[in-house]
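Secondary and tertiary structure notes
As a plain string of letters, each chain reads:
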Amino acid sequence: GDSVTQTEGLVTLTEGLPVMLNCTYQSTYSPFLFWYVQHLNEAPKLLLKSFTDNKRPEHQGFHATLHKSSSSFHLQKSSAQLSDSALYYCAPTGANTGKLTFGHGTILRVHP
Amino acid sequence: DMKVTQMPRYLIKRMGENVLLECGQDMSHETMYWYRQDPGLGLQLIYISYDVDSNSEGDIPKGYRVSRKKREHFSLILDSAKTNQTSVYFCASSLYRGGGNNQAPLFGEGTRLSVL
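Residues numbered from 1 in each chain as written. Chains lettered and ligands numbered in written order. Predicted model: local features only at pLDDT ≥ 70, side-chain atom pairs only at ≥ 80, totals over all residues. Heavy atoms only, no water.

Here the focus is the overall build of chain A. Each helix and strand counted, chain A has 0 helices and 11 strands in total. Its helices and strands in sequence order give chain A the pattern β-β-β-β-β-β-β-β-β-β-β, from N to C terminus. A globule of 112 residues ought to have a C-alpha radius of gyration of about 13 Å, and chain A, at 14 Å, matches this closely. Seen through its principal axes, chain A has C-alpha atoms that stretch 45 × 30 × 20 Å. A buried classification covers 47% of the 112 residues belonging to chain A. Relative to all contacts within chain A whose residues are 6 or more apart in sequence, the contacts with residues 24 or more apart total 57%. Taken as a whole, chain A presents about 5,500 Å² of accessible surface, with 52% of it coming from carbon and sulfur. (Helix = DSSP H or I, 4+ residues; strand = E, 2+ residues; numbered from the N terminus. Rg over C-alpha atoms; globule rule 2.2 N^0.38 Å. Buried < 20%, exposed > 50% of the residue type's maximum accessible area, 1.4 Å probe, protein only. Contact = heavy atoms within 4.5 Å. Areas by Shrake-Rupley, 256 points an atom, 1.4 Å probe, with all protein chains shown as cover.)

This is the structure:
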């Protein structure tokens, strides 16, 4: 089945520094991928989704590029903000099943 | 306004009691999901439903069952709840099944369940 590997555990950054959260997936086909963000005591919300062409999705300053050759969809932002502190999930979709497989998530903590 | 609604938001039950978690959406989405979220384990899929009475097990279905009699409602049932089912449960829905750029599931606000 499909699986996903994310940057482990907690990433701590100083405000203004760049963000990179890793995501690699294992799948027998080329899935679509999503990044979700979950703030404390809130629901997971869609942050970004992959495209089939070479477009690079962007939202709230975050961007991610799907690299099929390396099965990766890393999340990046040039300058972290305090409000970016949250739990981030990368999730590939299953082939024709709609089953979204989440990893353990990465906690991003941005401090002043 | 597109929304997935979960009821109740908080629930405390004793071990052995039955638990009913309810989820509704008003977007005529075909596919609905139940996930549980535990610290360090992320979101784990319990069940997925592709339409009325068309349900499929997820990764951790043991101890749970589901019911979908109307497209807009999807229930999660715990018969004789156990303490290790204490968790936050999220319902989600998406327009269709399968991968596609418009398929990202929309999540409800979650139900925090404590089984004592």
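Next comes the rest of the account.
Take the layout of surface pockets next. Each pocket or cavity is described by its volume, and for the largest pocket that value is around 880 Å³. In terms of lining, the largest pocket is formed by 40 residues, of which the most central are A:Q38, A:L87, A:Y89, B:Q37 and B:P39. Residue contributions to the lining of the largest pocket peak at 4 residues, all from strand β1 (residues 3-6) of chain A. For the second largest pocket, the calculated volume is near 330 Å³. (1 Å grid on protein atoms, 1.4 Å probe; cavity = no way out; pocket = protein on both sides within 12 Å on 5 of 7 lines; lining within 4 Å. Points joined across faces, edges and corners; volume = space filled by probe spheres on them.)

Joining two cysteines, a disulfide is a covalent bond between their sulfur atoms. Residues and elements named next belong to chain A. Going through the model one piece at a time under the given rule, you end up with 2 disulfides over all chains. Two residues share a disulfide in this structure: C23 and C90, whose sulfurs sit 1.9 Å from each other. Handedness here is read from the sign of the S-S torsion; for C23 and C90, about -55 degrees, the answer is left-handed. Of this pair, C23 sits in strand β4 (residues 23-26) while C90 sits in strand β10 (residues 86-92), and the two are 67 residues apart along the sequence. (Disulfide = S-S within 2.5 Å.)

Residue and element names in this part refer to chain B. In this structure the tally under the stated criterion is 6 salt bridges over all chains. Where D38 meets R36, a salt bridge forms, and the shortest distance between an N and an O atom there is 2.8 Å. R36 sits in the buried class, given a relative accessible area of 10%. A salt bridge links R65 to D79, with the shortest nitrogen-to-oxygen separation between them at 2.6 Å. Placement of the pair is R65 in strand β7 (residues 65-70) and D79 in the loop between β8 (73-78) and β9 (87-94), with a sequence separation of 14 residues. (Salt bridge = Lys/Arg side-chain N within 4 Å of Asp/Glu carboxyl O.)

This part covers the interface of chain B and chain A. In this complex, chain B contributes 26 residues to the contact, which on the side of chain A involves 25 residues. Overall, the association of chain B and chain A removes approximately 1,900 Å² of surface from exposure, summing both partners, and the carbon and sulfur fraction of that is 53%. Seen at the junction of chain B and chain A, the total is 7 residue pairs in polar contact (both at pLDDT 80 or more). Listed by contribution, the elements that provide at least two residues to the side of chain B that touches chain A are β4 (31-38), β5 (42-51) and β6 (54-57) of chain B. Considering each element in turn, the side of chain B that touches chain A owes the most residues, 5 residues, to β5(B). (Buried area = accessible area lost by both parts, 1.4 Å probe. Polar contact = N/O pair within 3.5 Å; in protein donor to acceptor, adjacent residues only side chain to side chain.)

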